[in-house]
Every structure is written in structure tokens, then in C-alpha cells.
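The lines below spell out each chain.
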Amino acid sequence: MAWDEREAREHVARTEELLSALDGLADTAAREQALDALHALAGMYGECLARVMSHADTATRSALAADELVGHLLLVHDLHPEPVGQRVRRALEDVRGVTVLDADEAEVRVRIAPGGCGSPGAGELARQVREAVACAAPEVARVETEEAGPEPSLIPVDALFRGADAAPAGQR
């Protein structure tokens, strides 16, 4: 039985709740045993996934990485085939007013354009950038945002010709 995207997200949320609840177990030995079992299981599944990826061609690797659930699993096990910069740029391409200056595992640097009327402010854009980067490339250590200066004013074309008629005929 395959899950649709809604079911997958619900299952991920439920799994996160269950894992978080382990921290609240009063029995320390039981908690440690449960966590050890989870780490062993995740390690085994990670090794299986690595073997699957080693047999996949480039197109299959890309298709697997593009699937939201599988893509996140590949990230967890450090198996994602796309480089960090490519994932970051793809994640930010729909965020208006943001230009990626540099992106690698150590740092992502972006420039945020000044917002116009009805546009989100720089603080909101910076939050959107941090969330998008964390989702697409959780291994990134730091996200730096810088605000771009105001756009240079353009000189209207008609202003270039003002006074041309007033110039003496010999100087036109």
C-alpha cells in the first residue's frame, strides 16, 4: 500500500511525536534500550538504502531524490545525490526577492531585495530563507542574509531630451 503525500506527512508527524515521547520515559534503561534499537534499525535501513542507491542509474537517483519523503530519507542518511548548492538554489527559486550568493555545507549566503508595497519585509524573507534551507539542506551550518541597497533610480527618457529644443541651433 503506497501512501499519498498527505498520508506520508501524517505518518512523519506521528513518528516525530512518538520519538519525542521517548525522552519523557521515566525508566532510563527502557528509554536507552528503545533509542539503541531505533538507532540500530535506522542504521540498517540506511545501509540498505545506500545499496539501493549504488545500483540506481542517474535518472533513478534523481527521481528518488525528487520524491519528498524519499528525498528526506536520503538526506538523513547522507545519500542525497544533489549537491548542497543545487538543493538550496532549487528550494529558494520560488522565494521572490532572494538571490543566492553562495551555497555549500558550511554556509549559505543570500541577498534580500528591498520589499515593495505588499511584499514581505526583510525579516520575514530571512525566516523563509532559513526554513527553506533547513528543509532542503539540513547539513548547512549557517545561513547569512544581507539586505540589498535600494534599486538605482532610472532617468526617464524624456528627461534626457529636455532642453534639447532650448539649445542654440548650432549646438544641436
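Quantities reported herein were computed from a predicted structural model and do not represent experimental measurements.

## Notes on a negative patch on the surface
Together, D78, D102, D104 and E105 line one region of the surface with negative charge. Following the sequence through the fold, E105 ends up in the loop between strand 1 (98–103) and strand 2 (107–112).

## A closer look at the sheet that holds strand 2
With mixed pairing, the three strands of this open sheet are ordered in space as 1-2-3. Looking along the sheet, the strands with just one partner apiece sit at the ends: strand 1 and strand 3 (142–147). On average, adjacent strands in this sheet sit at an angle of 20 degrees to one another, irrespective of strand direction. Sheet topology note: the strand 1/strand 2 ladder contains five bridges and is antiparallel. By the bridge assignment for strand 2, V100 is matched with V110. Docked against the sheet, helix 6 (residues 122–136) engages strand 1, strand 2 and strand 3, running at close to 155 degrees with respect to strand 3.

## Focus: helix 5 (residues 84–92)
Note on helix geometry: an α-helix contains 3.6 residues per turn, so any two residues three or four positions apart are oriented the same way. Along helix 5, the residues that are buried comprise V84, G85, R87, V88 and L92. All buried residues of helix 5 lie within an arc of 165 degrees about the axis, which places them on one face of the element. For helix 5, the secondary structure elements touched by its buried residues are helix 4 (68–76), strand 1, strand 2 and helix 6.

## Remarks on the layout of surface pockets
Of the voids in this model, the largest pocket is the one considered here, and its volume is about 960 Å³. For the largest pocket, the lining is made up of 24 residues, of which V12, T15, L69, L73 and V76 are closest to its centre. If you tally residues by element for the lining of the largest pocket, the top one is helix 1 (residues 5–22), at eight residues. A per-class count over the lining of the largest pocket returns 15 nonpolar, five polar and four charged. Approximately 220 Å³ is the volume attributed to the second largest pocket. Its residues assigned to classes, the lining of the second largest pocket shows seven nonpolar, three polar and four charged.

## Observations concerning the confidence of the model for the protein chain
Within the protein chain, residue pLDDT values average 87, and 85% of them lie at 70 or more. Looking at the elements of the protein chain, mean pLDDT is at its lowest for helix 7 (residues 157–161), recorded as 69, and at its highest for helix 2 (residues 28–55), recorded as 96.

## Description of the pattern of salt bridges
Considering all chains together, one arrives at 13 salt bridges under this definition. Linking E146 and R109 is a salt bridge whose minimum nitrogen-to-oxygen distance equals 3.9 Å. Taken together, the residues E146 in strand 3 and R109 in strand 2 connect sequence positions 37 residues apart. Each of E107, R142 and E144 takes part in one network of salt bridges that share partners.

## Some points on the nonpolar core
Membership of the largest hydrophobic core comes to 17 residues, with the highest contact counts inside it found for V88, L92, V98, V108, V110 and V133. Mapped by element, the contributors of at least two residues to this core are helix 5, strand 1, strand 2 and helix 6. Element by element, the count of residues in this core is highest for helix 6, at five residues. Each residue touching V108, except ones within four places of it in the same chain, is listed here: V88, D102, A103, V133, V140, R142, V143 and E144.

Cut-offs applied
- Along each chain, numbering runs from 1 in the same order as the chain's sequence is written.
- The predicted nature of this model means local features are confined to residues of pLDDT at least 70 and side-chain atom pairs, given and counted, to a pLDDT of 80 or more, with totals for whole chains, interfaces and linings taken over all residues.
- To get the side-chain values, take all heavy atoms of the structure and skip hydrogens and water.
- Note on patches: the residues involved have over 30% relative accessible area and no salt bridge, like charges join within 9 Å, and the nonpolar side chains Val, Leu, Ile, Met, Phe, Trp and Tyr join within 5 Å.
- Residue burial considers only the protein chains on display, and all accessible areas are found by Shrake-Rupley using a 1.4 Å probe.
- Counted as salt bridges are all cases of a side-chain nitrogen of Lys or Arg within 4 Å of a carboxyl oxygen of Asp or Glu.
- Only four residue types enter the tally: Lys and Arg on the positive side, Asp and Glu on the negative side; His and the chain ends are excluded.
- Think of each charge as sitting on NZ of Lys, CZ of Arg, CG of Asp or CD of Glu.
- A run of H or I in DSSP counts as a helix once it spans at least four residues, and a run of E counts as a strand once it spans at least two, with each numbered from the N terminus.
- Any two strands between which DSSP finds at least two bridges are classified as paired.
- Where helices are involved, their axes are fitted lines through C-alpha atoms of the stretch in contact, as for all axes, and angles between N-to-C directions lie from 0 to 180°.
- Two residues form a contact once any of their heavy atoms are found within 4.5 Å.
- Burial status follows relative accessibility: with a 1.4 Å probe on protein chains alone, a residue under 20% of its type maximum counts as buried, one over 50% as exposed, and anything between as partly exposed.
- Throughout, the arc means that of the directions going from the helix axis to the C-beta atoms.
- Cavity means a closed set of points on a 1 Å grid over the protein atoms alone, one where a 1.4 Å probe fits but cannot get out, pocket means an open set with protein on both sides within 12 Å along at least 5 of 7 lines, and lining means a residue has an atom within 4 Å of a point.
- Grid points are joined across faces, edges and corners, and a volume is the space filled by probe spheres set on the points.
- Amino acid classes used here: Ala, Val, Leu, Ile, Met, Phe, Trp, Tyr, Cys and Pro are nonpolar; Asp, Glu, Lys and Arg are charged; the rest, including Gly, are polar.
- Along the chain, pLDDT gives the predictor's confidence residue by residue, from 0 to 100.
- In plain words, nonpolar cores are sets of buried Ala, Val, Leu, Ile, Met, Phe, Trp, Tyr and Cys residues tied together by side-chain atoms within 4.5 Å.

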